[in-house]
Amino acid sequence: MDAQLGLRQNWKQFSLLVFINAFVGGMIGMERSIFPDFATEVFGLESHAAMLGFIAAFGVSKAFTNYFTGRFANRFGRRNLLILGWILVLPVPVILNYAEVWSWIIFANILLGISQGLTWSSTVVMKIDLVGDKNRGLAMGLNEFAGYLAVGLAAVGSAYLTSRFGIRPVPFWVMGGMGILGFLFSFLVRDTHAFVKQEAGEKDIVEIRGVFWNTTWVDKSLSSVTQAGLVNNLNDGMIWGLLPVLLISRGFGLEEIGKIASVYPILWGMGQLFTGKMADHLSHKGMLFWGMLIQGLAIMGLIWVHSFESFVGLSVLLGLGTAVVYPTFMAAIAASSHPLQRAESLGTFRFWRDMGYAVGAVLSGVIADRFGVDYAVVSISGLTLISSLIVKLRMSQ
């Protein structure tokens, strides 16, 4: 392989990976707006903590898979891990359509989490491998744009299909079709390890021992980014699980809920077309601080509003705040990592970031059961605002 670094030089493979990541995002988006209703209508669950158990299962399985995907990317090959991820997700729509007990739904979301960890992490790592230093933020912006735009569009689509045809089986068969297409297109991908070896020969960043703990705690900048990533997905886990519940309590119907729930990931995705490139030129610290601050304030506002327009406006703010931080997270991690250790450092970050799904689901579910949904929203908002301050005070420029 002619391992020439650069977005322009590798635009065909890069575009293919962006296209594949849209299918990755679409798979999770099909659950986004309908799962709380699925839990109550099909399985009769009333406890918020029990309903949010599927998010916890998804988050934990994805978090661990993220780490091991990064850890073993050099050994087993990025492309092989990508294909394995698609193989594991193919049974999920079948389980969702035919399961009669909630434990099978939890199992399906464990498989979905493992698949997302393998597929999304592999596309992230391969894009960073291809583009080199100059366009990492742009690369991450394009990757997350495709993924989260697909999440939002699939959320709208699943809500529409559910209102038209019912929760089962049509929405989950559409999900299955996405999985088959993602699997087939992944065979066209070429592995990128040769690009990593070439870049490693051009870098003067020193390899370190203990990548996991350095990224988690020791390095002030890397650990600041990591905690912000965890809190970002912590609040996303709450939004995923409790926003539909909050909207139901305000009297909104399923189609309105689908529209409101979709605005946030669509803005999150589309905004990264711009914020990804900004991360190549602006301070990572400043972008992370302001993005987390906007998120915290937008979440706090959810308990004070009642109209459809107000919820849409707050979803716009939340989506923009998340768009500012999301490509910046990985651009900041990649910039401070040795090329041969970058996949593991990104895997460590993504481990903690997606563990936030589980923490957010469990924490917000327990608080909602004990004190009410509004208290859960306020608590998660407070943690997000604290996270912005940690970035401001601990992260170097």
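Residues numbered from 1 in each chain as written. Predicted model: local features only at pLDDT ≥ 70, side-chain atom pairs only at ≥ 80, totals over all residues. Heavy atoms only, no water.

**Brief notes about the overall build of the protein**
Within the protein, the regular secondary structure consists of 17 helices and zero strands. A globule of 397 residues ought to have a C-alpha radius of gyration of about 21 Å, and the protein, at 20 Å, matches this closely. Principal-axis analysis of the C-alpha atoms places the extent of the protein at approximately 60 × 45 × 35 Å. Burial statistics for the protein: of 397 residues in total, 62% are counted as buried. (Helix = DSSP H or I, 4+ residues; strand = E, 2+ residues; numbered from the N terminus. Rg over C-alpha atoms; globule rule 2.2 N^0.38 Å. Buried < 20%, exposed > 50% of the residue type's maximum accessible area, 1.4 Å probe, protein only.)

**Looking at the packing of aromatic side chains**
Aromatic ring pairs are reported here in terms of the distance separating the ring centres and the angle at which the planes meet. A complete count under the given rule lists 39 aromatic pairs for this structure. Measuring from centroid to centroid gives 5.2 Å for Tyr67 and Phe68, while their planes differ by 70 degrees, and the two rings are edge-to-face. The class for Tyr67 is buried, based on a relative accessible area of 11%. Residue Phe68 is classed as partly exposed on the basis of its relative accessible area of 39%. Plain terms: the ring middles of Phe252 and Phe308 are 6.5 Å apart, the flat faces sit at 55 degrees to each other, and that makes the pair tilted. Of this pair, Phe252 sits in the loop between α12 (220–249) and α13 (254–278) while Phe308 sits in helix α15 (residues 308–335), placing them 56 residues apart in sequence. Using a relative accessible area of 11% as the deciding quantity, one classes Phe252 as buried. On the basis of relative accessible area, Phe308 is assigned to the partly exposed category, the value being 27%. (Phe/Tyr/Trp six-rings, centres within 6.5 Å; stacked < 30°, edge-to-face > 60°.)

**Digging into the confidence of the model for the protein**
With 97% of its residues at a pLDDT of 70 or more, the protein shows a mean pLDDT of 91. Within the protein, the element-level pLDDT minimum falls on helix α3 (residues 48–51), averaging 76, and the maximum on helix α14 (residues 284–301), averaging 98. (pLDDT = per-residue confidence, 0-100.)

**What about the nonpolar core?**
Trp86 and Phe329 are the most contacted members of the largest nonpolar core, which totals 120 residues. Among the elements that make up this core, the one with the highest residue count is α12 (14 residues). In this structure Trp86 touches Ile20, Phe23, Val24, Met27, Ser115, Thr119, Met178, Gly179, Gly182, Phe183 and Ser186, once residues within four positions along its chain are discounted. (Core = buried A, V, L, I, M, F, W, Y, C linked by side-chain atoms within 4.5 Å. Contact = heavy atoms within 4.5 Å.)

**Quick notes on the pattern of salt bridges**
Scanning all chains against the criterion turns up six salt bridges. Across the pair Asp354 and Lys62 runs a salt bridge whose closest N-O atoms are separated by 3.3 Å. Taken together, the residues span a long stretch of sequence, with Asp354 in helix α16 (residues 339–371) and Lys62 in helix α4 (residues 53–76) at a distance of 292 residues. Across the pair, exposure class does not vary: Asp354 and Lys62 are buried alike. (Salt bridge = Lys/Arg side-chain N within 4 Å of Asp/Glu carboxyl O.)

**Some words on the packing of helix α8 (residues 136–165) against helix α9 (residues 170–185)**
Contact geometry for α8 and α9: axes closest at 8 Å, N-to-C directions at 145 degrees. Residues Ala154, Ser158, Leu161, Thr162 and Phe165 of α8 touch α9, and the partners they reach there are Val170, Pro171, Val174 and Met178. (Axes fitted to C-alpha atoms, helices over the stretch in contact; angles between N-to-C directions.)

**Re the side chain of Asn143**
Structurally, the position occupied by Asn143 is in helix α8. Here Asn143 falls in the buried class, since its relative accessible area comes to 0%. Sequence-distant contacts of Asn143, that is, excluding residues within four places in its chain, are made with Asn21, Trp120, Thr123, Val124 and Lys127.

**What about the side chain of Asn97?**
For Asn97, the location among the structural elements is in helix α6 (residues 92–98). Here Asn97 falls in the buried class, since its relative accessible area comes to 8%. Looking at Asn97, its side chain comes within polar contact range of the main-chain oxygen of Pro169, at 3.2 Å. With near-sequence residues (within four places) excluded, Asn97 lies in contact with Arg168, Pro169, Phe172 and Trp173. (Polar contact = N/O pair within 3.5 Å; in protein donor to acceptor, adjacent residues only side chain to side chain.)

**Things to note about unusual backbone geometry**
The general pattern is negative phi for most residues beyond glycine and trans for most peptide bonds. Cis geometry is found at the peptide bond from Arg168 to Pro169, where omega equals 5 degrees. Here Pro169 lies in the loop between α8 and α9.

**What about the packing of helix α5 (residues 78–89) against helix α7 (residues 102–131)?**
At a minimum axis distance of 8 Å, the contact between α5 and α7 shows a crossing angle of 155 degrees. For the element pair α5 / α7, the angle class is roughly antiparallel. Note that α5 runs across α7; the crossing there is left-handed. Across from Arg78, Arg79, Leu81, Leu82, Leu84, Gly85, Trp86, Leu88 and Val89 in α5, the residues of α7 making contact are Leu111, Leu112, Ile114, Ser115, Leu118, Thr119, Ser122, Thr123, Val125, Met126 and Asp129. (Parallel < 35°, antiparallel > 145°, perpendicular 65-115°, else oblique. Left-handed = near helix turned anticlockwise from the far one by under 90°.)

**Comments concerning the environment of Ile260**
Take Ile260: it is sitting in helix α13. Residue classification places Ile260 among the buried residues on the basis of a relative accessible area of 1%. When the C-alpha positions of Ile260 and Thr65 are compared, they lie 30 Å apart, and in sequence the two are 195 residues distant. What Ile260 contacts, discounting residues up to four positions off in sequence, is Leu247, Phe308, Phe311, Val312 and Ser315.

**Side note on the environment of Arg136**
Mapped onto the elements of the fold, Arg136 is located in helix α8. Judged by its relative accessible area of 7%, Arg136 falls in the buried class. Sequence spacing of Arg136 and Pro327 is 191 residues, and the spatial spacing of their C-alpha atoms is 8.7 Å. Non-local contacts of Arg136, meaning those with residues more than four positions away in its chain, are made with Ile128, Val131, Glu199, Asp280, Ala334, Ala335 and Arg342.

**Let's talk about the environment of Arg394**
Here Arg394 lies in helix α17 (residues 373–394). Classification of Arg394 as partly exposed rests on a relative accessible area of 27%. Spatially, the C-alpha atoms of Arg394 and Ser224 are 6.6 Å apart, while their sequence positions differ by 170 residues. With sequence-adjacent residues up to four places away left out, Arg394 is seen in contact with Trp217, Asp219, Lys220, Ser223 and Ser224. Looking at Arg394, its side chain comes within polar contact range of the side chain of Ser223, at 2.2 Å.

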